[in-house]
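One letter stands for each residue in the lines below.
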Amino acid sequence: MQDKVKILGVNIDNITEEEAAEKTKELIEKSNKSCKLIVAPNVEFIMQAQKDKEFFDILQTAELATPDSVGVILAGKLQKKPFKQRIPGQAYFRKILETAEKEGWTVYLLGGKGDIPQRAKQNVEKLYPKLKIVGYHEGYFEEDTEEVVIEEINKLKPNILFVALGAPRQEKWIAKHRKELKVDVAAGQGGTFDYEAGNIKRAPKWIQKIGMEWLWRLILQPSRIKRMIVLPVYLFKIIFTKDITKSRWEK
Ligand code: UDP
């Protein structure tokens, strides 16, 4: 059984980056194009899941949930179930691309504005020259384009579909189309394509190390402040709630 930590009802796997890659490999090998779901919960996910039951339920169906933020790591410590490692979205993405290059897996990138997914593809192909990114599509499409996008993905049948439409839209999109998507795994990938395209700079390593990357992102994208209002509420909840493993849906 996989070691899991539950934060306000959301299950998150207690695994290292290496183990996450192994688990992804396992999922791909047994999937047979059944679209296994991979998510990367952070504080915003957990708080959104407290008010959005549909999102909460989708997160519970994920076959792999990687710990993606310092807030998640902190809640693990408070429960005396420390996470082995934080796995930032981009680190997981790179690790999977590296493995994909070795294993010969095919990859599709869905999401990001305009030419972001194309630029992200070009940049990561420089890092992994044998990697097979078989297709991409930008992420601001109307419902009527949706069918065309799904048709293209299904024609290509990639092993991995990375979906970067922001949370919870990306997870809801995958859940809605899970039955028709002919991919082995689909992973919600947030802002990673923006980083890979060189559109947004990641924090210097030392800032990442001291757990202040969120502040760096806030300085670069001040509009994120609205989303960050949930942070103090989250801290209050995980410090003062009697049982922080439970969601409001279970009480
Ligand atoms: N995005 C998209 N379609 C949408 C909404 C968002 O493709 O309808 C993209 C957006 O351009 C960005 C990513 O989804 O590249 C979400 O990034 P965000 O910073 O919100 O993700 P986080 O890393 O915070 O989860």
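Use the structure listed above.
Trainee: Explain the site of the ligand to me, and be specific about the residues and the numbers.
Mentor: Among the 15 residues in the neighbourhood of the ligand, the closest are listed as G112, G139, R169, G191 and D194. Here an oxygen atom of the ligand and a backbone polar atom of A164 are 3.1 Å apart. Taking G166, its main chain carries an N or O atom lying 3.3 Å from an oxygen atom of the ligand. When the free accessible area of the ligand is taken as 550 Å², the share hidden by the protein chains comes to 81%. In terms of residue class, the shell around the ligand is built from 3 nonpolar, 6 polar and 6 charged.

Trainee: Describe in detail the packing of aromatic side chains, supporting the description with residues and values.
Mentor: Inspection of the entire model under this criterion finds 5 aromatic pairs. Note on F93 and F193: the rings are 5.9 Å apart at their centroids and 50° apart in plane angle, and the pair reads as tilted. Of this pair, F93 sits in helix α5 (residues 89–103) while F193 is found in helix α9 (residues 192–197), placing the two residues 100 residues apart along the sequence. In this structure, F93 and F193 share a single accessibility class: buried. The interplanar angle of 75° and the centroid separation of 6.3 Å between the aromatic rings of F141 and W173 together place this pair among those described as edge-to-face. Placement of F141 in the loop between β6 (132–137) and α7 (143–156) and of W173 in helix α8 (residues 169–177) is noted, with a sequence separation of 32 residues between them. With relative accessibility at 8%, the residue F141 sits in the buried group. Taken together, the ring pairs in this structure connect F93, F162 and F193 into an aromatic cluster. The ring centre of F141 lies 5.4 Å from the NZ or CZ of R169, which sits over that ring.

Trainee: I'd like to hear about a nonpolar patch on the surface, residue by residue, with values.
Mentor: A cluster of nonpolar side chains, V70, W206, I210, M212, W214, L215 and I219, forms an exposed patch at the surface whose accessible area comes to about 690 Å². By residue number, the principal contributor to the nonpolar patch is helix α11 (residues 213–220), which donates 3 residues. Counting through the fold element by element, M212 comes out in the loop between α10 (205–209) and α11. Classification of M212 by relative accessible area gives partly exposed; the value is 32%.

Cut-offs and rules
Residues numbered from 1 in each chain as written. Predicted model: local features only at pLDDT ≥ 70, side-chain atom pairs only at ≥ 80, totals over all residues. Heavy atoms only, no water. Near = heavy atom within 4 Å. Polar contact = N/O pair within 3.5 Å; in protein donor to acceptor, adjacent residues only side chain to side chain. Areas by Shrake-Rupley, 256 points an atom, 1.4 Å probe, with all protein chains shown as cover. Nonpolar A, V, L, I, M, F, W, Y, C, P; charged D, E, K, R; others polar. Phe/Tyr/Trp six-rings, centres within 6.5 Å; stacked < 30°, edge-to-face > 60°. Helix = DSSP H or I, 4+ residues; strand = E, 2+ residues; numbered from the N terminus. Buried < 20%, exposed > 50% of the residue type's maximum accessible area, 1.4 Å probe, protein only. Lys NZ or Arg CZ within 6 Å of the ring centre and 35° of its normal. Patch = residues over 30% accessible without salt bridge, like charges linked within 9 Å, V, L, I, M, F, W, Y side chains within 5 Å. Salt bridge = Lys/Arg side-chain N within 4 Å of Asp/Glu carboxyl O.

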